[in-house]
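Understanding the architecture of this molecule
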Amino acid sequence: MKKRTIYTILIACIASLMSVFATFIILDTSETPSTYDTYEIESIVLQETRELIVKKPRNYTNEKQYPVVYVLGGNSLTYTIAADADLLSRVGNIPEVIVVGIPSIDQKTRQRDLTPPFLKQDLDETNSPLGKADSFLEYLESEVISLVEKNYNTNNQRTIVGHSREGLLVLYSLTVKPNLFNTRIALSPALWREENAFVKKLDDFLKDNPTLSSNLFMSMGEDEVDKMKIAFDLSINLLDEKAPANLIWKSYYMPKATHQTNHYLTAGIGVNYFFHDTK
């Protein structure tokens, strides 16, 4: 079992490193690669036009149903996870998956969409409005997921991935819509905001939901700033003490990783961890 675990982590790390190089190559172009399907959603919920990109597995067929991995934030993380998933499926570690990228329009909409309603959108603004994460989750559920499940052959496995503030949204979704996704992958989640306010909400949520059933992977870079690591460690301690029996979770510190590199290096580890035994 120990050898299998080491092999699995090694394969995931190799996939992550290869995808980082692939991402840098892709980012040399200004357009989404032609291997992705692209959509513009005229969102009724958000009252604006939003972009969506979709990467089907290389052997996609109408005869099969596929898990879907939804990736929040910049397209570079979507490209990374698509490359990770492709390699991991080709070596037989995970099943083939559909990868969906959900980018923000700009920094303002990112702050608005990804911030929970009990936190300020912008800490540098004295009168900053509170976050609108609930509206964004409604958009994901009623407009993004419905579009994907209408146009592609999907099964009932949904995973959501996010880095930094997107990672905060991933964890917030667990507390307000726990059944919307089976698996959540939060990479360097920004849990420190407003004196670790989300950590306190998570504490209450875990105490009040003993029958919670879900999967959770969280990672942090060893070289990230202290406030990020302190909030992360507080959350891990909570999970150690209070996680319900059916909340399957894993945390990971990436050696020598910073906030700018951890998500690229650990996304594949998270994907591999929960998909490895479902192929």
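Residue positions are given per chain, counting from 1 as you read along its sequence in written order. It should be noted that, the model being predicted, local features are given only for residues of pLDDT at least 70 and side-chain atom pairs only at 80 or more, the latter also being counted only at that level, while totals for whole chains, interfaces and linings use all residues. In computing side-chain properties, one takes all heavy atoms of the structure into account and sets aside hydrogens as well as water.

Once that is clear, we can look at the overall build of the protein. Here a strand is any run of E in DSSP of at least two residues, a helix any run of H or I of at least four, and the numbering for each starts at the N terminus. Secondary structure summary: the protein contains eight helices and eight strands in total. Only protein chains enter the accessibility calculation, which uses a 1.4 Å probe; a residue is then buried when its area is under 20% of its type maximum, exposed when over 50%, and partly exposed in between. Burial analysis of the protein (279 residues in total) assigns 53% to the buried set. Here, two residues are considered to be in contact whenever any of their heavy atoms come within 4.5 Å of each other. Long-range contacts, defined here as pairs at least 24 residues apart, represent 73% of the contacts in the protein between residues at least 6 apart. Accessible surface, the protein as shown: approximately 13,100 Å² in total, 51% of it carbon and sulfur. Every accessible area reported is derived by Shrake-Rupley at a probe size of 1.4 Å, with residue values counting cover from the shown protein chains alone.

Pairing in this open sheet of eight strands is mixed, and the strands run β1-β2-β4-β3-β5-β6-β7-β8 from one edge to the other. Strands at the two margins of the open sheet, each flanked by one partner only, are β1 (37–43) and β8 (247–254). Direction aside, the axes of adjacent strands within the sheet are offset by 20° on average. Whether two strands pair depends on DSSP finding at least two bridges between them. By the bridge criterion, three bridges tie strand β2 (residues 48–55) to strand β4 (residues 98–102) in an arrangement that is antiparallel. What sits directly across from I53, in β4, is G101. Sitting on the sheet, helix α4 (residues 133–151) is in contact with β1, β2, β3 (66–72), β4 and β5 (154–163), with an inclination near 135° to β1. A fitted line through C-alpha atoms represents every axis, and for helices the fit uses only the stretch in contact; the resulting angles, taken between N-to-C directions, go from 0 to 180 degrees.

The share of residues in the protein with pLDDT of 70 or more is 88%, and the mean pLDDT across the chain is 90. This stretch, residues 1–7, has a pLDDT under 50; its non-local contacts, to residues over four places away or in other chains, come to three contacts. Confidence drops under pLDDT 50 across residues 19–30; counting only partners more than four residues distant or on other chains, this segment forms 13 contacts. Each residue gets a pLDDT score, which is the predictor's confidence in that residue and runs from 0 to 100.

Of all hydrophobic cores here, the largest spans 51 residues; its most connected members are Y70, V100, I102, F136, L140, L169 and M218. Broken down by secondary-structure element, the contributors of at least two residues to this core are β2, β3, β4, α4, α5 (165–176), α6 (193–208), β7 (214–221) and α7 (226–242). Per element, the largest residue contribution to this core is nine residues, and it comes from α4. The contacts of M218, once residues within four sequence positions are left out, are L171, A186, P189, L191, F232, S235, I236, L239, K250, S251 and Y252. Buried Ala, Val, Leu, Ile, Met, Phe, Trp, Tyr and Cys residues that are joined via side-chain atoms within 4.5 Å together make up what is termed a nonpolar core.

Before going further, it helps to spend a moment on unusual backbone geometry. Within the chain, S164 stands out as a residue other than glycine whose phi angle is a positive 65°. Here S164 shows up in the loop between β5 and α5. According to the relative accessible area criterion, S164 is buried, its value standing at 13%. At E194, a residue that is not glycine, the phi angle is positive and equals roughly 50°. Along the polypeptide, E194 turns up in helix α6.

Direction vectors running N to C along α5 and α6 enclose 25°, while the axes themselves pass 10 Å from each other. The orientation of α5 relative to α6 falls into the category roughly parallel. Like other packed secondary-structure pairs, α5 and α6 cross with a definite hand, here left-handed. Listed contacts from α6 to R165, L168, L171, Y172, L174 and T175 of α5 are R193, F198, L202 and F205. Considered class by class, the residues forming the contact of α5 with α6 number seven nonpolar, one polar and two charged. Note on terminology: angles under 35 degrees are roughly parallel, angles over 145 are roughly antiparallel, angles of 65 to 115 are roughly perpendicular, and the others are oblique. If you view the pair so one helix is near and one far, a crossing is left-handed when the near helix is turned anticlockwise from the far one by less than a right angle, and right-handed when it is turned clockwise. Any residue that is not Ala, Val, Leu, Ile, Met, Phe, Trp, Tyr, Cys, Pro, Asp, Glu, Lys or Arg is counted as polar, Gly included; the first ten are nonpolar and the last four charged.

Helical geometry: 3.6 residues make up each α-helical turn, so side chains three or four residues apart lie on a common side. One less than the number of residues in a helix, times 1.5 Å, gives the span that helix is expected to have. Look at α6: 23 Å from first C-alpha to last across 16 residues, which is about the 22 Å you get at 1.5 Å a residue. Looking only at α6, the buried set comprises R193, N196, A197, F198, V199, L202, D203, F205 and L206. Among the structural elements, α5, α7 and β8 are those in contact with the buried residues of α6.

We now examine the packing of aromatic side chains. The aromatic pairing rule takes the rings of Phe, Tyr and Trp, using the six-membered ring of Trp, and pairs them if the centres are within 6.5 Å, calling planes under 30 degrees apart stacked, those over 60 edge-to-face and the rest tilted. As enumerated under the stated definition, the model contains nine aromatic pairs in all. Look at Y36 and Y79: their rings are 5.3 Å apart centre to centre, the planes differ by 70°, and that puts the pair in the edge-to-face class. Of the two residues, Y36 sits in the loop between α1 (2–26) and β1 while Y79 sits in helix α2 (residues 75–90), which places them 43 residues apart along the sequence. One exposure class covers both Y36 and Y79, and it is buried. With centroids separated by 6.4 Å and ring planes inclined at 80°, the aromatic side chains of Y60 and Y152 adopt a geometry described as edge-to-face. Here Y152 lies in the loop between α4 and β5 and Y60 lies in the loop between β2 and β3, a separation of 92 residues in the sequence. Since its relative accessible area comes to 6%, Y152 is described here as buried.

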